[in-house]
Amino acid sequence: MKKKLNLIIILLLLMGVYGLEACTPATVEEKTIKIGVIAPITGEISNVGQSTVNAVELAAEQINAEGGMELNGVKYKIVLIIEDNEDNEQKAVSVAQKLINQEGVIAIIGPQASRNAIPVANIAENAKVPMISPWSTNPQTTEGKDYVFRVAFIDSFQGQVMARFTFEELSGNCELCENKVAVLYDIASDYNKGIADIYKNIIENAGGKIVAFESYTTGETDFSEQLQRIKESKAGIIFLPNYYNEVPLQISQAREIGIEATFIGSDSWGGINKNDRKELEGSFFSTHYAPDIANDIAQNFIDDYLKSYGEIPDDVAALTYDAFGLLIQAILEQEEVSPEAIRAGLASTESFTGVTGTMEYRSTGNPIKSAVILKVEHGEFVFYKEAKP
Amino acid sequence: MINRIRNFWQSSLKTRLMGYVLLFTLITTTTVPFYTYILSRQALEKAVVNRLETAVQLKESELNRWVKNRENDITLLAQEPTLLIMSEVLLTSAEIDPFYSTSYQSLSAYLQNSIETSNNFTEIFLLTNVGGKIVFSTSHETEGEYHVTAPYFTEGRLDLYTQNIYPSTKTGNPTMTISTPILDRHDKVIGVLAAHLNMIKLDEIILEQAGLGDSGETYLVDQYGNFVSEAKFGKEDFPRGVHTTGIDTALSGKEGNGLYLNYENIPVVGVYEWIDNREVALLAESSQEEAFADARNLSTTIFWTSFIASLIASFFTYFLTQKITKPILAIADTAKEIAAGNLEKRAPVLTKDEVGTLAQSFNEVTERTRNIINTLEERVIERTHILKTRTSYLEGAAEVSRAVGSMLNQDTLIIQIVELIKKRFNLYYVGLFLANEKDEWAILKAGTGEAGQKMLKRNHKLKIGEGMIGWCIENEKARIALDVGDDATRFENPDLPKTRSEGALPLRSRGRVLGALTVQSTEESAFNKSIITTLQTMADQIAIALDNAELFAQSETALLAERKAYGQLSQKSWQEFTQNQAISRFIVNENGKVKAVKTVDTSVNLAQAIEKGKLLENDNLTVIIPIKNRDYILGGIKIRKNKGAKPWTEEELEIIEAISEQLSVTLESARLFDQTQRKAQREAVTSKITAKIGASIRMDAILQTTVKELGKALASPKVSFELLDLSDNTAQKSS
């Protein structure tokens, strides 16, 4: 007994000398996939932000409802980390860094507007975090980047579609306009500027004539000067590749000063509220999908979305949902959850069929896909025609 | 294995002593440096933290001062009249304005110069009040860009504004921008003058070492975990920002210090704080290796010093152990030898301390043990001797008893007894006294040796009640005189001068004392209680034997007398019988006819036959065998073989003798039967007469019946009965 006691004392002494490593109990963590979402929830284009949030939450909910995404027999729950970029590039860059550096997301969905997406794409590329912008159409977003992808067609295609539409559908009907086309765009916004430049180039290259190429900067509300010059240019077709929050104001100001031209627009029109569509009657714009000619996938999505949010999903919601689907497909194909694997999965994706149709990726981050042209009739966006690539 | 180690450990005192000393030395040599290290480390940590805190405070104020100075720079610049004139042209006039170009040129030259001389800005640019379009920039490539949503534009239109460290929208790199509104002559805002700060300059301020040693450094981390200093930390290495305990804690808005791994996983002492007005974390770190070098050196020195000290201590311990254990081991060795049987071994007393005392005590114990063992051995020898003596006494007693048991002649017995006892017990002298009839004297009946003979000759006797013998007979108890001189009752005998001890043993049998035995030895104390008990047992046996011999002699005498009496009676009867017998001789002839002859054959020389037992006549054919009843000759058998027959053989003669004996017995029986018959007849007559007498009650009738019946019975013609008057000597006669 006495010997044992000695031994214990010696052991205690030694323990006192060298101390004991504190053991930290292993915590059982649920397997999760952290996906960052950057959307303009507040700011000028908060509708876009809302649709984004609705779409990602619906998509994530659909996966998590089944216990998560199954990879090699392990279920991963989708965890969304949604950040508001306030439609401010500075803010977008900041939240992107927050998501990448502090939240440790493995991929980012968003930002939506090209003016936010382009700077964030740089950040994502540098940090080697895959990013899918659902709605950005400006080529700069993905240009020269390995980690940045998109679901929307690019502006060159959209510009082409609208240019073609201008020639094929509108010029003939408009004797007065004499192929006179005017453009009013936000020069401070990448999307607007980019699409306007492309449109102008195509028209001019095709022998058309841009009679007025007027610009303004973000936040301006008085377009009278520019519109006056457009009126004076006697343009029969006015292209407004501007965001939905500005377009109704611009058209209404144009109509006020007696402009009777046909207005055409780009996919940024998709978010125009019903109440604001009165002045838009008869206008056309290109976009990503038309809810009234939805395929099965689209119809299911529309139904689910309607059920969840009580409204028909706009193009932003549809594209965001597709971006999410594309991301999940890439993860499933790679059977691995890591930024690098996702990048590899996205890069090797050849085609993806989603709500907004079938997208083909030819080793670029940009899909080759159809656009649709919608017409504003009785305050509704109605499918007019499809424009194939 | 463990058992072997344990056995080894437990088996050697030296090993254990050395082991314990080394163990505690080891503990000391490790504990002391360890605690020294811990304590000095704590002190050093405190000192290093203090130094780092000072550095942090210094850097913070330098940072703030630098930013403040840059704000002043911009403010001053925005008030510079030449700049204002040129700016107004650029901001308000169209590019085609003739002044535009010259203004642009002048402004460019002016600001370029300003950048190059101060080196505090990387880019100074002018933004339009509407749309935030860059109309002029020292980096011309950015001209034409719109920064309508940038805070430095939106805020800069209102007042002097410093946009704290933020990621550049182009590169994501930390940037800092100061902006201020440009006012026209009517104090109307016409644009914004903005300048990106030169972060390299900031680096120089922050990274400049402030007496933090070789490994000490201070750096800034923006709110998203990016190093502010691009020069030092390439973004490639930290694509997802940098995360350390210090950085993460600081980014959460706290300040503090601690020991943790830095961005290169090097253990550092760090002080960190969140500079809120700059929205940046400032860290000052110094590698623990450098910080605690002194502590480590100190503990290493202590360790080696104590290690060497313990080596020396071990060396001395070894000798000390030797010194301490030597006397103990000597005792142990001695103990082993003693255990093996060498009781003479003594443990060396090498010291005067407890061990010495132990050795001494051990020796004392050993000696005592040795003494005890010796005493025990002596006692064993003594006891064995006693036992042997006793055994030999017992054997002797048994032998004597056996011998005396087989002797019936008292006289020979007595002589043999004394001789036997003397010889058997190796005694000096043994004498046997018997009490005389009156129990007055004990008379010496036998004595050994010359002394015995002498004493017997002079009819040596002792008075009963006096002397040892006398006392012992009177008291019926044995008595010992271990040294004869001591016993007052002993009779000094000049014939036995060598006697040194003496014992007197009463000879007791059937409740009386026949006499006593005296046993004497030349040795002192030759007799003890147990020997005397043994001898007494023997004496009792002797007494019984003597008694038996006496009884035997008595019964022999009685038997002889009885025989004599019976023989005489028988002889008388035979004489009467033969006188009454008409026929005395029977002859059988060759034909087998028996003929009774009344004449007596005188030719038979019976007397001769009786004398010889049998008589064989000269012709060897005639033999005469007497018929004897005891010593009395009843008659004889004469057998003569025919002439020419073989002479008598011994065998034949024996047969005849046997027949003669049988005949004698048969004749005696027949005579006894005859005698008995006659006696019975007499008894019958007597009882008949008695019965008849009994029937009468008158005296006369009785007498008459008696004589009458007597006469009938005895066939006597005359029976007379007389009653005598004794007074006149006459009897009353009846007939």
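Remember, it's a predicted structure, so these values are computed and weren't measured experimentally. (Residues numbered from 1 in each chain as written. Chains lettered and ligands numbered in written order. Predicted model: local features only at pLDDT ≥ 70, side-chain atom pairs only at ≥ 80, totals over all residues. Heavy atoms only, no water.)

1. A word on the overall build of chain A
Rule in force here: Think of it this way: any DSSP run of H or I at least four residues long counts as a helix, any run of E at least two long counts as a strand, and we number them from the N terminus. Residue burial is assigned from relative accessible area. The probe radius is 1.4 Å, only protein chains are included, and a residue is buried under 20% of its type maximum, exposed over 50%, and partly exposed in between. Note on contacts: a residue pair qualifies if any of its non-hydrogen atoms lie within 4.5 Å across the two residues.
Per the secondary structure count, chain A includes 11 helices and 16 strands. Every one of the 389 residues in chain A was classed for burial, and the buried ones make up 56%. For chain A, the share of sequence-separated contacts (at least 6 apart) that also reach a separation of at least 24 residues comes to 67%.

2. Some words on the packing of helix α3 (residues 89-103) of chain A against helix α4 (residues 114-127) of chain A
Residue and element names in this part refer to chain A. Quick note on the threshold: Each axis is a line fitted through C-alpha atoms, and for a helix only the stretch in contact is used; angles between axes span 0 to 180 degrees, taken between their N-to-C directions. By definition in this entry, angles of less than 35 degrees are roughly parallel, angles greater than 145 are roughly antiparallel, angles of 65 to 115 are roughly perpendicular, and the rest are oblique. Whether a crossing is left-handed or right-handed is set by the direction in which the near helix is turned from the far one by less than a right angle, anticlockwise for left-handed and clockwise for right-handed. Think of it as three bins: nonpolar holds Ala, Val, Leu, Ile, Met, Phe, Trp, Tyr, Cys and Pro, charged holds Asp, Glu, Lys and Arg, and polar takes everything else, Gly as well.
Close contact between α3 and α4 brings their axes to 8 Å; oriented N to C, the two are set at 30°. Taken together, α3 and α4 sit at an angle that is classed as roughly parallel. Between α3 and α4 lies a crossing of right-handed hand. Across the interface between the two elements, Glu89, Ala92, Val93, Ala96, Gln97 and Ile100 of α3 pack against Arg115, Asn116, Pro119, Val120, Ile123, Ala124 and Ala127 of α4. Residues that form the contact of α3 with α4 fall into these classes: nine nonpolar, two polar and two charged.

3. Some details on the packing of aromatic side chains
So the rule is basically this: Only Phe, Tyr and Trp rings are paired, with Trp represented by its six-membered ring, and only when their centres lie within 6.5 Å; those with planes under 30 degrees apart are stacked, over 60 edge-to-face, the remainder tilted. We call a charge positioned above a ring when the Lys NZ or Arg CZ atom is no farther than 6 Å from the ring centre and deviates by at most 35 degrees from the ring normal.
Summed over all chains, the structure comprises 29 aromatic pairs over all chains. Taken together, a centroid distance of 5.1 Å and an interplanar angle of 40° make the contact between Tyr191 of chain A and Tyr243 of chain A tilted. With Tyr191 of chain A in helix α6 (residues 190-205) and Tyr243 of chain A in the loop between β9 (237-240) and α8 (247-256), this residue pair connects regions lying 52 residues apart in the sequence. Measuring from centroid to centroid gives 5.5 Å for Trp304 of chain B and Phe307 of chain B, while their planes differ by 85°, and the two rings are edge-to-face. Of the two residues, Trp304 of chain B and Phe307 of chain B both sit in helix α9 (residues 293-340), three residues apart, roughly one turn of that helix. Each residue in the set Phe301, Tyr305, Tyr309 and Tyr321 of chain A is aromatic and connected to the rest through ring pairs, giving one cluster. We note Arg343 of chain A situated over the ring of Tyr147 of chain A; from NZ or CZ to the ring centre the distance is 5.6 Å. Of note, Lys461 of chain B hangs over the ring of Trp441 of chain B, and the distance from its end group to the ring centre comes to 4.4 Å.

4. A closer look at the pairing of strand β15 (residues 512-521) of chain B
All names here are of chain B. Threshold: For two strands to be treated as a pair, DSSP must find at least two bridges joining them.
Among the 10 residues that make up β15, nine are buried, leaving the element largely enclosed by the rest of the structure. Note: strand β10 (residues 429-435) against β15, six bridges, orientation antiparallel. Looking at the pairing, Tyr429 lines up with Gln520 of β15. Relative to β15, strand β14 (residues 501-509) is paired through nine bridges, and the arrangement is antiparallel. Within β15, the residue paired with Ser501 across the bridge is Ser521. Counting the residues that bridge the hairpin from β14 to β15 gives two residues, and of these Arg510 lies at a positive phi of roughly 50°.

5. Remarks on the side chain of Ser268 of chain A
Residue and element names in this part refer to chain A. Counted only if it meets this: Identification of polar contacts relies on pairs of N or O atoms within 3.5 Å, with a donor-acceptor requirement for protein atoms, meaning one able to donate a hydrogen and the other able to accept it, and with residues adjacent in sequence counted only if both atoms are side-chain atoms.
Inspection of the secondary structure assignment puts Ser268 in the loop between β10 (262-265) and β11 (284-287). A polar contact of 2.5 Å, which involves the side chain of Ser268, links it to the backbone oxygen of Asn242. Sequence-distant contacts of Ser268, that is, excluding residues within four places in its chain, are made with Trp135, Tyr191, Pro241, Asn242, Tyr243 and Tyr244.

6. Concerning the pattern of salt bridges
All names here are of chain B. Convention followed: One speaks of a salt bridge when a side-chain nitrogen belonging to Lys or Arg is within 4 Å of a carboxyl oxygen belonging to Asp or Glu.
Following the criterion strictly, the structure yields 23 salt bridges over all chains and no others. Here Glu337 and Lys345 are joined by a salt bridge, their closest N and O atoms 3.6 Å apart. The partly exposed category is assigned to Glu337, whose relative accessible area is 33%.

7. Re the confidence of the model for chain B
All names here are of chain B. The test is simple: How sure the predictor is of each residue is captured by pLDDT, a score from 0 to 100.
In this model, chain B carries a mean pLDDT of 81, and residues with pLDDT of at least 70 account for 91%. Of all the helices and strands in chain B, strand β22 (residues 730-734) carries the lowest mean pLDDT, 48, while strand β5 (residues 189-197) carries the highest, 92. Overall fold confidence (pTM) sits at 0.60, and the ipTM for the predicted complex is 0.79.

8. What about the environment of Ser114 of chain B?
Residues and elements named next belong to chain B. Summarising the element assignment, Ser114 is placed in helix α4 (residues 98-118). For the pair Ser114 and Leu77, spaced 37 residues apart in the sequence, the C-alpha separation amounts to 9.4 Å. With near-sequence residues (within four places) excluded, Ser114 lies in contact with Asn119 and Ile124.

9. A few points about the nonpolar core
Basically, it comes down to this: To qualify as a nonpolar core, a set must consist of buried Ala, Val, Leu, Ile, Met, Phe, Trp, Tyr and Cys residues joined through side-chain atoms within 4.5 Å.
Judged by nonpolar contacts, the single largest core of 110 residues is most densely connected at Tyr199, Ile264, Trp269 and Phe324 of chain A. The contacts of Phe324 of chain A, once residues within four sequence positions are left out, are Ile35, Val56, Ala59, Ala60, Ile63, Ile78, Leu80 and Ile109 of chain A. Core analysis: the second largest hydrophobic core is formed by 51 residues, Val49, Leu63, Val135 and Ile190 of chain B among them.

10. Some points on the sheet that holds strand β5 (residues 131-133) of chain A
Hydrogen bonds between backbone atoms are what pair the strands of a sheet, whose relative direction is either parallel or antiparallel. All names here are of chain A. Taken in spatial order, the six strands line up as β2-β3-β1-β4-β5-β6 in an open sheet, and their pairing is mixed. Of all strands in the sheet, those with a lone pairing partner are β2 (69-71) and β6 (148-150), marking the two edges. Neighbour to neighbour, the strand axes of the sheet diverge by 30° on average, direction disregarded. The pairing of β2 with strand β3 (residues 74-84) spans three bridges and is classified as antiparallel.

11. Some words on helix α11 (residues 339-348) of chain A
An α-helical segment advances 3.6 residues per turn. Residues three or four places apart therefore align on the same side. Short version of the rule: The arc in question is formed by the directions pointing from the helix axis toward the C-beta atoms.
Those residues of α11 of chain A lying buried are Pro339, Ala341, Ile342, Gly345 and Leu346 of chain A. Along the axis of α11 of chain A, the buried positions cluster into a sector of 160°, meaning they face one direction only.

12. A look at the layout of surface pockets
Test applied: Think of a 1 Å grid over the protein atoms and nothing else: a 1.4 Å probe that fits but is trapped marks a cavity, an open set flanked by protein within 12 Å on at least five of seven lines marks a pocket, and residues with an atom within 4 Å of a point count as lining. Grid points are joined across faces, edges and corners, and a volume is the space filled by probe spheres set on the points.
Its boundaries defined by the atoms lining it, the second largest pocket holds a volume of some 780 Å³. Forming the walls of the second largest pocket are 29 residues, and the residues nearest its centre are Leu91, Thr128, Val130, Lys133 and Tyr146 of chain B. Of all elements in the fold, only β8 (209-216) and α7 (224-233) of chain A together with α3 (81-92) and β2 (134-137) of chain B reach the threshold of two or more residues within the lining of the second largest pocket. Of the residues that constitute the lining of the second largest pocket, the class distribution is 12 nonpolar, nine polar and eight charged.

13. Points about the packing of α3 of chain B against α4 of chain B
Helix-helix packing: each pair is described by the crossing angle between the helix axes and the interaxial distance. All names here are of chain B. Look at α3 against α4: their axes get within 9 Å of each other, and the N-to-C directions meet at 135°. Compared by their axis directions, α3 and α4 come out oblique. Relative to α4, the crossing made by α3 is left-handed. Two secondary-structure elements touch here, α3 through Thr82, Leu83, Met86, Ser87, Val89 and Leu90 and α4 through Phe99, Tyr100, Ser103, Tyr104, Ser106, Leu107, Tyr110 and Leu111. Grouping the constituent residues of the contact of α3 with α4 by class yields 10 nonpolar, four polar and no charged.

14. Comments concerning the sheet that holds β8 of chain A
Residue and element names in this part refer to chain A. Sheet architecture is open: seven strands sit in the order β8-β7-β9-β10-β11-β15-β16, paired in mixed fashion. Each edge of the sheet is formed by a strand with only one pairing partner; in this case those strands are β8 and β16 (380-387). Averaged over all adjacent pairs, the angle separating strand axes in this sheet is 25°, with direction ignored. Across four bridges, the pairing between β9 and β10 is parallel. Considered in β10, the bridge of Phe239 is made with Ile264.

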